[in-house]
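Structural characterization, general
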Amino acid sequence: MEIDPRILMFVVFGVGLTLAVMLERWLARYWLSLPILYVAVGFVIWSLPLGLPHFNPTVDGFDAITLEYATEFIVIASLMAAGIAIDRPVSWRNWRQIWPLLLIAMPLTIGAVALLGWWALGLAPASAILLGAALAPTDPVLARSVQVGPPGEDQRHDVRFSLTVEAGLNDGFAFPFTYLAIAAVGMTALGGWTIEWAWLDLGWRILAGCAVGWAVGRVGAWYVFEREADAPIKEIDEEDDLAAQPSYSTSEGLIVLGTLLLAYGLAEMAEGYGFLAVFVGAVTARQRENRSRYHKISHHFIDQIEQIVLVAVLFGFGAMLASGVLAALTLQAALVGLALIFVIRPIAGLLAELRSGLPMIGKLAVAFLGVRGMGSIYYLAYGQNHADFEQVDLLWATVSFAILASIVVHGVVSGPFIRHVENRRAHIHAGQDSSMASLSPDEPHRHRRRSA
């Protein structure tokens, strides 16, 4: 009996969804990650003679459009989940280790990758800039294992915080350089178009995205918490360490999802960056009633949506690999992808974090654990759909290889690395507590005076 490929895709997707949570926990014990397995499964299934449709954006423009829309939504969902998980108050001091990652590490990465693309791969300047813009942002989708945990949990280490906020913000800050690449297509010299790019794409769009996100986040938080102020009160277990609060249900997640999709749409209508609006809106809403149980419920709701789309996208990426997206890969292109993971990002990250308060092991973790993923696919698909770039097959091969290498390398290393950093911090704190406990009753006071 011949199997209908459409039905087979439903079976694969259904099994993938059913086993996702169990496999994620099981694989963690073996230093593996869910993306590694699901990309491999997608590659194997689409390599078999089952009649499944090929999925290659270098051959079919419709595949590029599909990729743009699919990855756009999953990045939005991931930014929502990341923003809601951030409970640290927003200020220059509290977020001081984040700004250098955006203002130093990211431009350095874009410049280095673009230079390699032009020099080593022979790309046209516009294509080289697009390659740098696509590969520069870290990914909020595939970096789940190194990000802060859901609201109310203990995963709040400075390294996790830095990686989460960086992934949330640099997806928006990569867009100006994507627009720069689009504007540079066919241009042979600097001119008025560069001035327009500077004030519109680099200036206005960032400000508009942040402003719309902040406004929608404030209005959304007011709507939720003021509306629920008179709702029935439900006592919560004392072990939750929370006061009595209004009773919420999972349906409240629809409000968060709708509000942040609204932020994305309004920002795009205002010529701003929707990704920035989503993350800023989620962080802004999270600052209101910071200890409310509502945030944990809404985070769980959005996390489920993110996982559903993630399973489909991971299988889809495996299908892309099986459909020949790496056909144009050269040794030089593979070396560029590896250089990004092992040289460019670590050096740029260390330079950015030199003056941060993190210990050296923490700086190394932030510098090295810059996962590449679905955001890179989105930016490259967006660029392809909005301009005629040369050597687009080589661009896709280079980006796809870099993502695949990142999935494997970071999927194996990130879990043990981040646990080592956290365990070392806990060991240091435990040693400090025991040394203080060994002092006489009067000695701690003298110690504090000397420290002051």
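Anyway, here's the lowdown on the structure attached to this text. (Residues numbered from 1 in each chain as written. Predicted model: local features only at pLDDT ≥ 70, side-chain atom pairs only at ≥ 80, totals over all residues. Heavy atoms only, no water.)

1. Details of helix 1 (residues 5–28)
- For helix 1, which comprises 24 residues, the first-to-last C-alpha distance of 32 Å matches the rise-based estimate of 34 Å (1.5 Å per residue) to within 8%.
- In helix 1, a bend of some 55 degrees at Ala20 exceeds every other bend along the element.
- All of the buried residues along helix 1 are Leu8, Val12, Gly16, Ala20, Leu23 and Leu27.
- Buried residues along helix 1 sit against helix 2 (34–47) and helix 11 (293–322). (Helix = DSSP H or I, 4+ residues; strand = E, 2+ residues; numbered from the N terminus. Expected span 1.5 Å × (residues − 1). Bend = angle between axes of the 7 residues up to and from the residue. Buried < 20%, exposed > 50% of the residue type's maximum accessible area, 1.4 Å probe, protein only. Contact = heavy atoms within 4.5 Å.)

2. Brief notes about the nonpolar core
- Residues Trp95, Leu169 and Phe275 are the most contacted members of the largest nonpolar core, which totals 108 residues.
- For this core, the leading source of residues is helix 11, giving 14 residues.
- Apart from residues lying up to four places away in sequence, Leu169 is in contact with Trp95, Ile98, Trp99, Leu102, Leu276 and Phe279.
- Val159, Leu163, Ile361 and Val366 belong to the second-largest nonpolar core, a separate cluster that totals 19 residues. (Core = buried A, V, L, I, M, F, W, Y, C linked by side-chain atoms within 4.5 Å.)

3. Thoughts on unusual backbone geometry
- The phi torsion at Glu271 lies on the positive side, around 65 degrees, for a residue other than glycine.
- Position of Glu271 relative to the elements: it lies in the loop between helix 9 (253–269) and helix 10 (274–287).
- One non-glycine residue with positive phi stands out, namely Gln391, at about 55 degrees.
- Among the secondary structure elements, Gln391 is positioned in the loop between helix 14 (374–386) and helix 15 (392–437).

4. Some remarks on the pattern of salt bridges
- For the structure shown, the criterion picks out five salt bridges.
- With its nearest N and O atoms 2.6 Å apart, the salt bridge here joins Arg345 to Glu166. Taken as a pair, Arg345 in helix 12 (residues 331–352) and Glu166 in helix 6 (residues 158–173) lie far apart in primary sequence, 179 residues in all. The pair formed by Arg345 and Glu166 is uniform in burial state, with each residue classed as buried.
- One salt bridge in this structure joins Arg205 and Asp201, with 2.5 Å as the shortest N-O distance. Placement of both Arg205 and Asp201 in helix 8 (residues 192–227) is noted, with a separation of four residues, approximately one turn of the helix. (Salt bridge = Lys/Arg side-chain N within 4 Å of Asp/Glu carboxyl O.)

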